[in-house]
Amino acid sequence: MAPPDERSAVFIDSHAHLADPAFAGDRGEVVARARAAGALAIVCIGESIDAATIAAACATENPGFVFASAGVHPHDAAQFDASRDIPKLRALLAGGAVAVGECGLDYHYDNSPRQAQRIAFSSQVALAAETSRPVIVHTRDAEDDTRAVIADARASGVTGVLHCYTGTHALAEFALDAGWYVSFSGIVTFKKWTDDALLRLVPDDRLLVESDSPYLAPVPFRGKRNEPAWVAHTVARLAAARGVDPTELGRATADNAERLFGLAPRAA
Ligand SMILES: [Zn+2]
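Reading guide: rules and limits
Residues numbered from 1 in each chain as written. Predicted model: local features only at pLDDT ≥ 70, side-chain atom pairs only at ≥ 80, totals over all residues. Heavy atoms only, no water. Helix = DSSP H or I, 4+ residues; strand = E, 2+ residues; numbered from the N terminus. Rg over C-alpha atoms; globule rule 2.2 N^0.38 Å. Buried < 20%, exposed > 50% of the residue type's maximum accessible area, 1.4 Å probe, protein only. Contact = heavy atoms within 4.5 Å. 1 Å grid on protein atoms, 1.4 Å probe; cavity = no way out; pocket = protein on both sides within 12 Å on 5 of 7 lines; lining within 4 Å. Points joined across faces, edges and corners; volume = space filled by probe spheres on them. Nonpolar A, V, L, I, M, F, W, Y, C, P; charged D, E, K, R; others polar.

Asks: Can you walk me through the overall build of the chain in this structure?
Replies: When helices and strands are counted, the chain shows nine helices and eight strands. Since a compact globule built from 268 residues should have a radius of gyration of about 18 Å, the 17 Å found for the chain is in line with a globular shape. Its C-alpha atoms put the chain at 50 × 40 × 30 Å along the principal axes. Buried residues in the chain amount to 56% of all 268 residues. Of all intrachain contacts in the chain linking residues separated by at least 6 positions in sequence, the fraction that spans at least 24 positions is 74%.

Asks: Please explain the layout of surface pockets as it appears in this structure.
Replies: The calculated volume of the largest pocket comes to roughly 610 Å³. Of all the secondary-structure elements, those providing two or more residues to the lining of the largest pocket are strand S4 (99–106) and strand S5 (135–140). The greatest single-element share of the lining of the largest pocket, amounting to three residues, is contributed by S5. Class assignment of the residues belonging to the lining of the largest pocket gives a composition of eight nonpolar, nine polar and eight charged.

Asks: Hey, could you run me through the environment of Ala19 in this one?
Replies: Position of Ala19 relative to the elements: it lies in the loop between strand S1 (11–16) and helix H1 (27–36). Ala19 sits 114 residues away from Arg133 along the chain, and the two C-alpha atoms are 21 Å apart. Dropping the residues within four chain positions of it, Ala19 is found in contact with Arg27, Cys44, Ile45, Ala51, Ile54 and Ala55.

Written as structure tokens, this is what we have:
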């Protein structure tokens, strides 16, 4: 496939770990390259209190372009202490963070005990309900428990996004039915990706794209440190699978990100 014309690309990177130490030396240049590649905005993920604090600073430095989230990743759920951490997350949300997360369940790596993961996830969904924010959810090999939390979220009026989604069609459909969004990363550009039907299952108005940088660089950059500018390649792959124009698809995913996260991007 020909590389996308990056000048005509339009997208919002709905999930970038710009707070990661991988970007400590050149975060400003990475943000500038994203703008040049057609990004309208970047959601900078706070997957820990420390990361969320850096994400908030990055948002302050890039008003109307970088937006922060605040949460605790399931890998770190063993260290989650609701009485200590929820007030910190609440303060970050009051300070402008647009979503709760990255939170969720990961029973593939089981880096934290499952019960601790469930408690941390449910606490963050409750915080999302309290603060009227969406949740950004990581789910892996935890389908039944993820469904249960999505059902609880639905009952309390919370929606969100299944980020970097590679799971079953059934879970995607369950989340879509609850009003959620589904986001795809550079994984869909890899040779081993075979589930194009999943890429077509998500309606135009519920589809998001993301870098998940610094991880998961899309082809042709696979193995390199990923960055938001390269989301254009993921948009092109999704558009090819769906048989639509990449510029229109990118614009639709940007509209969706603005709607879900309540973003108001503005030109530099
Ligand atoms: Zn992530």
